[in-house]
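# Structural characterization, general
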Amino acid sequence: MTATSTTRAPEGVRKDLPADLSASIAVFLIAMPLSLGIALATGAPLQAGLVAAAVGGIVAGRLGGAPLQVSGPAAGLTVVTAELIQRYGWRTTCAITVLAGVCQLGLAALRTARSALMVSPAIVHGMLAGIGVTIALAQLHIVLGGTPQSSAVANVLGLPAQLADLHPVALGVSALTLVVLLGWPRLPGRAGRALRKLPAPLAAVATATAFAALAGLSLPRVDLPSWRSHALPEMPDGPVLGLVAAVLTITLVGSVESLLSAVATDKLIASERSTDNRPPRADLDRELRGQGAANIVSGALGGLPITGVAVRSVANVKSGAASRKSSMMHGFWVLLAAFLLVPLLDLIPLATLAALVMAVGVQMVSITHLRSVTRHREALVYGSTIVAVVLGGVLEGVAVGIAVAVALALHRLARTRITLEQLDSGVHRVCARGQLTFLAVPRLSRVLNQIPQDAHAVVELDGSFMDHAAYETIQDWQQSHLAHGGTLEVTGRSGQAARINGANPAAAGRAGSPDGPHGADEADGAGRAGAGHGADRGHDARHAEGGHPADRSRRGQHRGTHQCCRPWTPWQNHCDHRATSTRTATATAATMAAEAATAGGNGGAEDGGPRDVSPAPRRRGAGQLASGISAFQRDTAPHMRDELARLAREGQRPSQLFITCADSRLVTSMITASGPGDLFTVRNVGNLVPLPGAESTDDSVAAAIEYAVDVLKVDSITVCGHSGCGAMQALLSSAPGAAMTPLRRWLRHGLPSLERMGSRHHAWARISGRLPADAVEQLCLTNVVQQLEHLRAHESVARRLAEGTLELHGMYFHVGEAQAYLLSEGEDFFDCRVFDTVGLHA
C-alpha cells in the first residue's frame, strides 16, 4: 500500500500542474492592475500593492485553509488603510499590519473563525457597500483629473469645484478604461469568445495605456521608485488607544472579508464541480492562521494589509485551478513582474488605475445583497451601516450597524398590535399580532376589559411567543369572563383551537366534547391528531366553552382523562395530572369523579365533603391496550366513521411518503396535523433509507418507496429525524469488532451519515439560529441530509425527480422543544444546510 501511495502523489501533481499553471497566469493578469490601483487608492507606495499580492499568493496560498482562494490587497481595507496612512504615516501602518496579523494568529489558535461569521449579513454587506461608496467618491476626483480629499464628505463637497475644473485628457483615458472594462465581457462572435479569455481589467488597462502612449498624452503615470528606497515598518508612534483601535479594525475587517470569501469560494466550487473533482472544503481556522502569517510577512516587507479576494478567487476557480499551487504560482509571477516589468508598469496612467478601482467600488454596492436584506426586512440595518461607514469610518459603521440590528430585534420582540372589533353577529373579536410579552400586558388588559362580561369573545393570538406575564393576564381574564356567564374561544390566526390552561379545571371547557355546541367539529379535529391538541407547548391557548360551571365540570370529568394529551392519554406516561384537589359535588358528580380517578383524574367525596384521591397505577399490557381501544370506540370512532368509510370505498390516496424513526415519542399525525389517508408512513430504527442493492436480507424500505412513488403516485417524500435518536447514539458509540447483531447489521446503513459528518467535502447541517447542541444532534441532522441523498439513488425516485413531479423534503423534530424544523433549499453563507422553523401560518 505504501508503494501505491507514493506513486499516485507525483501522478496527481503532474496531472494538476497544467491546470494550476494556466489558472495562475489568469489570476496574475487580474491581480497586477488591481494591486496597483488599490495601492494608489490608499495613498501607499505603489510597490506596497505588489508586495501584498506576492505575499498573499505565496504565504497565504501555502498556509491557508482554502486551497483555491487567492489572497492579496483588497478593496475592503482600502478606506481603513488610507485613514491610517494619513494619521500615522506609511511605516507605522506597516507595523499595525504586522500586529493585526499577530491578532489573527491568536484568533485562529482560539478556533473562533466560524464565530466571526456570526455577524449579521446585513452588517457585513452594508460595511462593504459603505467602503465601496467611499472608494468610488475618492477615485472619481482622480478620474476627473483632480486629487481626492481626506474624507467621503469632503469628496462630495468638493465635487462641484472639481466638475468646474475638468481635465479632458484624464477624463478621456478614464472613460476609455471604463468602456473597455464593462464592454469586454460582452464582445460578440467567435473573435469575441477568444478575446474574452483575457481578463477585462487587464484588457482595460492595456488598451488605455497603449492609447495614451501612442497618442503622446501628457498626464500623471505610475512611478515605481527603486526597491532600494522601499520603506519598511517602524515602531508604532501615537496614542495607544488609537493604535489598538487601528489594529482591531484591520483584524476585524480583514478576517471577516477573508472568511466570507473562503465560504463563497467553497460554494462556487460545489456548484461547478463534481464531488470527485473538488479540493477539500475550507478549514476556516487554518485560513485565518494563513491570513495572519501573510499579514505579518506583508507588513514586515512594507506591503499592504492582506485579505482573501473574491474576484481573484472566482477567476482561479473558473480557470480550472486544481490545488493551492495556482495561488502560489500567481504570487511568483507578481514577484517577477515587480522586478522585470517596471518599464512597462511605469507607462500606466494613474487615471486608468483610478477608473478601475472606482468600478470595483461601485460593484461593492451589490443589488443582489440589497434585494436579500430587503426580503429579510433588514434594509434599515444595511442602510444605516452604509451611512455610518461613509460618514464615520469602518469601525464606527460596524458598531452602528450592530446597535441598529439589536434595536430592531428588540423592537420586533416588543412590538405587538392588539385590536378589538365587534362583528355583526355580536361576537367581540380580539386580535393580538406579534409577540406577547410583559410590555404588551397593559394594552392587552385594557382591551380585554372592554369586552362585556356576558358576551361571546374570540381571542386570536398571532405570534410565536408568549411570556408568563401575558399568559397569566389572559388566563385570569378567561376565568373571570367565564365566571360571569360569558363564552370565549382562544384561537390561532389559522382558526385552530388553542389552549390556555386554567388553574380550575371546571373553568375551562373541553374542546372535542360532543356535549358542547361545537362538539362534532372539535372531536373531528381531535381525531385528525394534530389540529392544536398535541402541541403541549408552554402557553398554548385552547377553545373554552361557556355555560354553567357545574355543567362544564361534569363534561370535563365524563371522559376521565386530562385534556392536554387527548387522544393519546391512554398510551402516554409522560403526563402527570394526578394532583389532588378539593371539590363539592352531588352524588352523581362524585360517581363520575370516581370513574375519572381510575384514569388518573381527581375525585370528590361521595358525601360531598373534601377528600384526597390517590392515583391508580398505570395499566399496562392487554389491559392498557383494551382501555385505549375502548376510548377510541367511545370518543373518536363516531366522528371518524363516515370519513373512514369513504376511504374504504375509494382506497388510499396519500399525498406524501413519510419516512421516520420508530421512536415512540414521534406521533407523526400530531406533528404534521394529518389524519387518515394523508400519509403513507414508513418507520424504522434511525429513519434510514438503504441504498439500492445495499440490503442483503430486507427490502421493505425499497419496496415501500417503489409502491408509494409508482403505485400511489405521492407528490413528495419526507425524511424526518428527531432529537435524542438512539440509533444515532449507537452509531457514535459503536466499537469496531463488536459482535454482529440484527441491530448492528441494520445500522450499517447509517455509516454514510457518520462519514458525511466527519468529512470536509460536504456541507454541515445545523438548526437555524444556533449550532448543534452536541455530536448526537449533529449526526441526527446530518443523517436526514444523507438519507435524502440515498433516496435520489432509487430508480423510481430519480425518474420522478427528473420529470419534476416529485419533491423531497428533510424534517427534524426536537422532542424536548416540541418544535419541528424543515430543511431549507441550498446552503447559507456559513456553508451549512439549515433546518429552519416553520411559521405558525405556513
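Cut-offs used in this document
Residues numbered from 1 in each chain as written. Predicted model: local features only at pLDDT ≥ 70, side-chain atom pairs only at ≥ 80, totals over all residues. Heavy atoms only, no water. Core = buried A, V, L, I, M, F, W, Y, C linked by side-chain atoms within 4.5 Å. Buried < 20%, exposed > 50% of the residue type's maximum accessible area, 1.4 Å probe, protein only. Helix = DSSP H or I, 4+ residues; strand = E, 2+ residues; numbered from the N terminus. Contact = heavy atoms within 4.5 Å. Pairing = 2+ DSSP bridges. Phe/Tyr/Trp six-rings, centres within 6.5 Å; stacked < 30°, edge-to-face > 60°. Polar contact = N/O pair within 3.5 Å; in protein donor to acceptor, adjacent residues only side chain to side chain. Salt bridge = Lys/Arg side-chain N within 4 Å of Asp/Glu carboxyl O. pLDDT = per-residue confidence, 0-100. Expected span 1.5 Å × (residues − 1). Patch = residues over 30% accessible without salt bridge, like charges linked within 9 Å, V, L, I, M, F, W, Y side chains within 5 Å. Areas by Shrake-Rupley, 256 points an atom, 1.4 Å probe, with all protein chains shown as cover.

### Considerations on the nonpolar core
Counting 45 residues, the largest nonpolar core has L36, L50 and L304 as its most contacted members. Residue assignment for this core shows that the elements contributing at least two residues are helix 1 (2-42), helix 2 (46-63), helix 4 (90-109), helix 9 (168-183), helix 11 (200-215), helix 13 (284-300), helix 15 (325-340) and helix 17 (350-363). The element best represented in this core is helix 2, accounting for 10 residues. Every residue in contact with L36, bar those within four places of it in the chain, is listed here: L46, L50, L224, L345, I348 and L353. Within the second largest apolar cluster, 39 residues are counted, among which are L731, V776, L779 and L806.

### Quick notes on the pairing of strand 4 (residues 428-434)
Judged by how many residues are buried, strand 4 sits mostly within the fold: five of seven residues are covered. Inspection of the sheet shows strand 3 (residues 416-422) paired to strand 4 by seven bridges, in the antiparallel sense. Counted as the bridge partner of Q422 is H428 from strand 4. Hairpin connection between strand 3 and strand 4: a loop of five residues separates the two successive antiparallel strands, and G426 in this loop has a positive phi of roughly 90°. The pairing of strand 4 with strand 5 (residues 456-462) spans six bridges and is parallel. When the bridges of strand 5 are listed, C431 appears paired with E460.

### Quick word on the packing of aromatic side chains
In total, this model carries three aromatic pairs according to the counting rule given. Between Y812 and Y821, the ring centres sit 6.4 Å apart and the planes meet at 40°, which makes this aromatic pair tilted. For Y812, a relative accessible area of 0% gives the class buried. Using a relative accessible area of 6% as the deciding quantity, one classes Y821 as buried.

### Overview of the side chain of T93
With respect to the helices and strands, the residue T93 is situated in helix 4. A relative accessible area of 1% means that T93 is categorised as buried. Among the polar contacts listed, one links the side chain of T93 to the backbone oxygen of L84, at a separation of 3.5 Å. Other than its neighbours up to four places away in sequence, T93 contacts T81, L84 and I85.

### Digging into the environment of V205
Its location among the elements puts V205 in helix 11. Residues V205 and L34 lie 171 residues apart in sequence; the distance between their C-alpha atoms is 9.8 Å. Discounting residues that sit within four places of it in the chain, V205 has contacts with P33, I348, T352 and L356.

### Section: unusual backbone geometry
For A673, which is not glycine, the phi dihedral falls at a positive 50°. Following the sequence through the fold, A673 ends up in the loop between helix 27 (668-672) and strand 8 (679-684). Residue A673 is classed as partly exposed on the basis of its relative accessible area, which comes to 39%. Backbone geometry at N687 places phi at a positive 40°, although glycine is not the residue there. Checked against the element boundaries, N687 lands in the loop between strand 8 and helix 28 (700-711).

### What to know about the pattern of salt bridges
As enumerated under the stated definition, the model contains 13 salt bridges in all. Among the salt bridges present, the one from E650 reaches R653, with a minimum N-O distance of 3.2 Å. In this structure E650 comes out as partly exposed when scored by relative accessible area, which is 39%. For R653, a relative accessible area of 60% corresponds to the exposed category. Two residues, D663 and R665, come together in a salt bridge whose shortest N-O distance is 2.8 Å. Accessibility expressed as a relative area gives 15% for D663, which makes it buried. Via salt bridges that share partners, E421, R429, R433, E460 and D462 belong to a single interconnected network.

### Some thoughts on the confidence of the model for the chain
Residues with a pLDDT of 70 or more make up 79% of the chain, whose mean pLDDT is 77. Long-range and interchain partners of residues 1-9, a stretch whose pLDDT sits below 50, account for zero contacts in this model, where long-range means more than four residues apart. Here residues 502-616 scores under 50 on pLDDT; set against residues more than four positions off or in separate chains, the count is 202 contacts.

### Here we look at helix 17
The first and last C-alpha atoms of helix 17 sit 20 Å apart over 14 residues, in line with the 20 Å expected at 1.5 Å per residue. In terms of burial, helix 17 is a largely internal element, 11 of the 14 residues being buried.

### Let's talk about a nonpolar patch on the surface
Together, F332, L335, L336, F339, L340, L341, L344 and L347 line one region of the surface with nonpolar side chains, adding up to about 770 Å² of accessible area. For the nonpolar patch, the element with the highest residue contribution is helix 15, accounting for five residues. Judged by its relative accessible area of 62%, L340 is exposed.

### Section: the side chain of R312
Within the secondary structure, R312 sits in helix 14 (residues 310-318). A distance of 2.9 Å separates a polar atom in the side chain of R312 from the backbone oxygen of P73. Beyond its immediate stretch of four places on either side in the chain, R312 contacts V27, I30, A31, L34, S35, I38, A53, V70, S71, G72 and P73.

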